[in-house]
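A closer look at the structure
Spelled out from the first residue to the last, the chains are:
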Amino acid sequence: MSVSFVIPLYNCLPLTQTMLASLQASLPVGLDHEIILVDDGSTDGTRDWLATLGGRCRVLLNERNLGYAGANNRGVAAATKDVVALLNNDLVLPPRWLEPMLAVHRRLGDRAGLVGNVQVDARTGQVDHAGIFINLKGKPEHDRREAQGWSTLLHGYHAVDALTGACLLLSRATWHRLGAFDGGFRNGGEDVDLCFRAHRAGLVNAVADRSVVRHHVSSSPGRALRNEENSRRLTLRWRTELVDCAARHWCRHYFESSPLDPGTHGHDFEFQAWLHTLGLRRDPPPALLVAMRRVVDQAVDVELARWDKLLGPA
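Everything numeric here is computed off the predicted structure, so don't read it as measured data. (Residues numbered from 1 in each chain as written. Predicted model: local features only at pLDDT ≥ 70, side-chain atom pairs only at ≥ 80, totals over all residues. Heavy atoms only, no water.)

1. With respect to the packing of aromatic side chains
Selection rule: Stacked, edge-to-face and tilted are the three classes for Phe, Tyr and Trp ring pairs, Trp counted by its six-membered ring, which pair at centre distances within 6.5 Å; planes under 30 degrees apart are stacked, over 60 edge-to-face, the rest tilted. Strands are runs of DSSP state E lasting at least two residues, helices are runs of H or I lasting at least four, and both sets are numbered from the N terminus onward. Put simply, a charge is over a ring when the Lys NZ or the Arg CZ is close to the ring centre, within 6 Å, and near the line of the ring normal, within 35 degrees.
This model, assessed by the stated rule, comprises 4 aromatic pairs. Centroid distance W175 to F181: 5.1 Å. Interplanar angle 80 degrees. Geometry classified as edge-to-face. Centroid distance F196 to W238: 5.5 Å. Interplanar angle 40 degrees. Geometry classified as tilted. Separated by 42 residues along the polypeptide, F196 in helix α7 (residues 190-200) and W238 in helix α8 (residues 227-257) bring together distant segments of the chain. Each member of the aromatic cluster is reached from another via a ring pair, and the members are Y68, W175 and F181. Between the NZ or CZ atom of R233 and the centre of the ring of F185, over which it lies, the distance is 5.3 Å.

In structure tokens, the structure reads:
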């Protein structure tokens, strides 16, 4: 399996230098690969440093700042290998971070969507990302719990609603099938949107639980400037899917945190809940799912009204 590593750059030269050194030191011996660096208008000396790399990497220079989506899209358009790995320039990659991700991609086969990994905050050492779930407001949120469950134990991965674009891989054919990142998002939401398109195509997004990297979280300049606009764009496009994912997640959370009383719900309800909590039944009991969808849907209405006041009508 050959890999194209695509790394968008925007300033933060010391982080970029550390990241590239860790990438080159951690690659499996004999891996057929290419490294594509896409500079998105850096002004801190990054371009001068790129000129010193010679032929060790392919370098693309954007004439203007295209943002995260545009820079990645340009890099992947130039990629030539079977698998594309998107990497932020603020990662630190230890030995054997890549192999578990490739193994999960192979295991999923034709069902493989986007494959991510566990990321710990480089400053604190705490887990910052083990996938993305949808919260009770219908918004994406990082799962910061340690990986657990039967799928992790047996297969080394667990399926997720979405995952961050800071470190992920997918086949180049799947990238083109899904249609790349939507440039209407600006430094936020592009990754979740692509994950939902993969879901719609019947693919599985997964976190490779045995791959762990360090991440200088949100170090890119201007990372959060368009959070509200991006969130509204994502909600308007994927409202039904966001509500459904949130309802299912919080049904399972309810069962995991609340003891069931058969005298209140009935034995059939309890049995369905037990199977769902174990991951042996996809759907929670219908009555609870309907009620939870209603809760999330109302919360989304509140958020849309707030965005209209903050940003103007969509």
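2. Let's talk about the pattern of salt bridges
Note the cut-off: Each salt bridge in this description consists of a side-chain nitrogen of Lys or Arg and a carboxyl oxygen of Asp or Glu lying within 4 Å of one another. The classification of residues rests on relative accessible area computed with a 1.4 Å probe and restricted to protein chains. Under 20% of the type maximum is buried, over 50% is exposed, and intermediate values are partly exposed.
Using the criterion set out here, one finds 20 salt bridges in the structure. A salt bridge links K139 to E303, with the shortest nitrogen-to-oxygen separation between them at 2.5 Å. Highlighted residues: K139 in the loop between β8 (132-134) and β9 (140-142) and E303 in helix α11 (residues 286-311), separated in sequence by 164 residues. On the accessibility criterion, K139 (19% relative accessible area) is buried. Among the salt bridges present, the one from R237 reaches D182, with a minimum N-O distance of 2.8 Å. One end of the pair, R237, is in helix α8; the other, D182, is in the loop between α6 (172-178) and α7, and 55 residues separate them in sequence. Assessed through its relative accessible area of 16%, D182 is described here as buried. One connected set of salt bridges, linked through shared partners, spans D182, D193, R197, R233 and R237.

3. Here's the deal with the nonpolar core
Rule in force here: Residues enter a nonpolar core if they are buried and are Ala, Val, Leu, Ile, Met, Phe, Trp, Tyr or Cys, with the set joined through side-chain atoms within 4.5 Å. Note on contacts: a residue pair qualifies if any of its non-hydrogen atoms lie within 4.5 Å across the two residues.
Within the largest apolar cluster, 46 residues are counted, with the highest numbers of intra-cluster contacts made by L86, L114, W175, F181 and F196. For this core, the element with the most residues is α8, which contributes 6 residues. Discounting residues that sit within four places of it in the chain, W175 has contacts with N73, V76, L86, L170, A180, F181 and L194. L9, C57, V83 and L108 belong to the second largest nonpolar core, which has 36 residues in total.

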